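If you want the building blocks of each chain, they are given just below.
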Amino acid sequence: MRNFTSVHDIGDLKSALEKAKYVKENPFADQELGKNKTLLLIFFNSSLRTRLSTQKAGLNLGMNVIVLDINQGAWKLETEKGVIMDGDKPEHILEAIPVMGAYCDVIGVRSFAQFEEKAADYNEVILNQFIQYSGKPIFSMEAATRHPLQSFADLITIEEFKKTEKPKVVLTWAPHPRALPQAVPNSFAEWMNATDYQFVITHPEGYELDEKFVANAIVEYDKEKAYKDADFIYAKNWAAYQDPNYGKILSTDRAWTVESKKMALTNNAYFMHCLPVRRNMIVSDEVIDSQQSIVIPEAANRVVSAQVVLKEILLGL
Ligand code: CP
């Protein structure tokens, strides 16, 4: 594997899940693979899970790990080409990226959607500049449109907890006070569509995702109908995708909060969320504190997904 930005880079899912099982059972088996190799993790945005789990994955593989927070101590970066740099950004990303590439062997990048220009977000301008100019393998630690390490960890978790071969998995929109990107739901949909699960998306009208990610999923606007007989409820907020409302909040209706009454409609479903989660906005205390909440094992599997991806990249060096 050279770069990892979506489900399309992981190859056969069955084989990826077998690799995940091996890595989980043998976390230190490949210490020699990463010896004298440097992993650089670049964050344009905040993180708890991605930062720690990806560092841990690199360390498990014997790598040296450097973490750079662009907005804390690094020069502020200009990302637009052709601009007169007379503002507050002293360095252009066109020099910064190859310089960063010169100091490492593999680069992870976190760069969220900015909600300024839909085209810039959906063309993944920042991530693609790293792929183009770093000279090194690049993996996404959540970009503008996808969060593939999260989705891979979600898939591993569903496989570990599922009680039927083809579970019903429901992605539900839930309210949030701030406008959040579509990366997690887009990516989750893309990975679920690559399985043979029954996959349903439910959200209020106006929150339709990009058709490219929805693909063969069933879209059900009636949330109670969507919850019926679900085996997994995966909650996430996202801001509107469709024009002219791109990046806007259209609803904060708490009728969409995941709570016990709706969970009672399911097949004793497990509750999932990528975290961080706003309690009693996205999910009630009662649900997230229940036995059916698997948000912690889901987060723990972030080490496994990152380690499989890093191992595949190292094998390709
Ligand atoms: N789920 C996730 O990516 O968490 P962080 O934003 O804390 O990395």
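For the structure itself, consult the block above.
Predicted model, so just to flag it, every value in this text is computed and none were measured.

> Is there a simple way to explain the overall build of the protein in this structure?
The number of helices and strands found in the protein is 12 helices and 11 strands. Against the compact-globule benchmark of 20 Å for 317 residues, the protein has a radius of gyration of 20 Å, which places it among compact chains. C-alpha extents for the protein along the principal axes are approximately 55 × 50 × 30 Å. Within the protein, the fraction of its 317 residues that count as buried is 55%. Within the protein, contacts between residues separated by at least 24 positions form 78% of all contacts whose residues are at least 6 apart in sequence. Carbon and sulfur atoms provide 49% of the accessible area of the protein, an area that totals close to 14,100 Å².

> Could you clarify how one ought to interpret helix α5 (residues 125–133) in this entry?
What sets the pattern is the α-helix's 3.6 residues per turn: residues three or four places apart point alike. Here α5 has its buried residues at Ile 126, Leu 127, Gln 129 and Phe 130. Burial along α5 is one-sided: seen end-on, the buried residues are contained in an arc of 160°. On the buried face of α5, the contacting elements are β1 (38–43), α3 (93–102), β5 (106–110) and β6 (138–140). Remark: Gly 135 follows α5 within two positions and exhibits a positive phi of approximately 75°.

> Can you walk me through the site of the ligand in this structure?
Around the ligand, a shell composed of Ser 47, Leu 48, Arg 49, Thr 50, Arg 110, His 147, Gln 150, Cys 274, Leu 275 and Arg 302 is seen. Interatomic distance of 2.9 Å between a side-chain N/O atom of Arg 49 and an oxygen atom of the ligand. At a separation of 2.6 Å, an oxygen atom of the ligand approaches a polar side-chain atom of Thr 50. About the coverage of the ligand: the protein hides 93% of its 250 Å² of free accessible area.

> Is there a simple way to think about the sheet that holds β1 in this case?
Through backbone hydrogen bonds, the strands of a sheet pair up, either in parallel or in antiparallel fashion. Ordered in space as β2-β1-β5-β6, the 4 strands form an open sheet in which the pairing is parallel. Edge positions in the open sheet fall to β2 (64–69) and β6, since each of these has one partner strand only. Averaged over all pairs of adjacent strands, the angle between strand axes in this sheet comes to 20°, irrespective of strand direction. Bridge count between β5 and β6: 3 bridges; the pairing is parallel.

About the criteria used
- Residues numbered from 1 in each chain as written.
- Predicted model: local features only at pLDDT ≥ 70, side-chain atom pairs only at ≥ 80, totals over all residues.
- Heavy atoms only, no water.
- Helix = DSSP H or I, 4+ residues; strand = E, 2+ residues; numbered from the N terminus.
- Rg over C-alpha atoms; globule rule 2.2 N^0.38 Å.
- Buried < 20%, exposed > 50% of the residue type's maximum accessible area, 1.4 Å probe, protein only.
- Contact = heavy atoms within 4.5 Å.
- Areas by Shrake-Rupley, 256 points an atom, 1.4 Å probe, with all protein chains shown as cover.
- Arc of directions from axis to C-beta.
- Near = heavy atom within 4 Å.
- Polar contact = N/O pair within 3.5 Å; in protein donor to acceptor, adjacent residues only side chain to side chain.
- Pairing = 2+ DSSP bridges.
- Axes fitted to C-alpha atoms, helices over the stretch in contact; angles between N-to-C directions.

No statement about biological role is implied by the geometric values presented.
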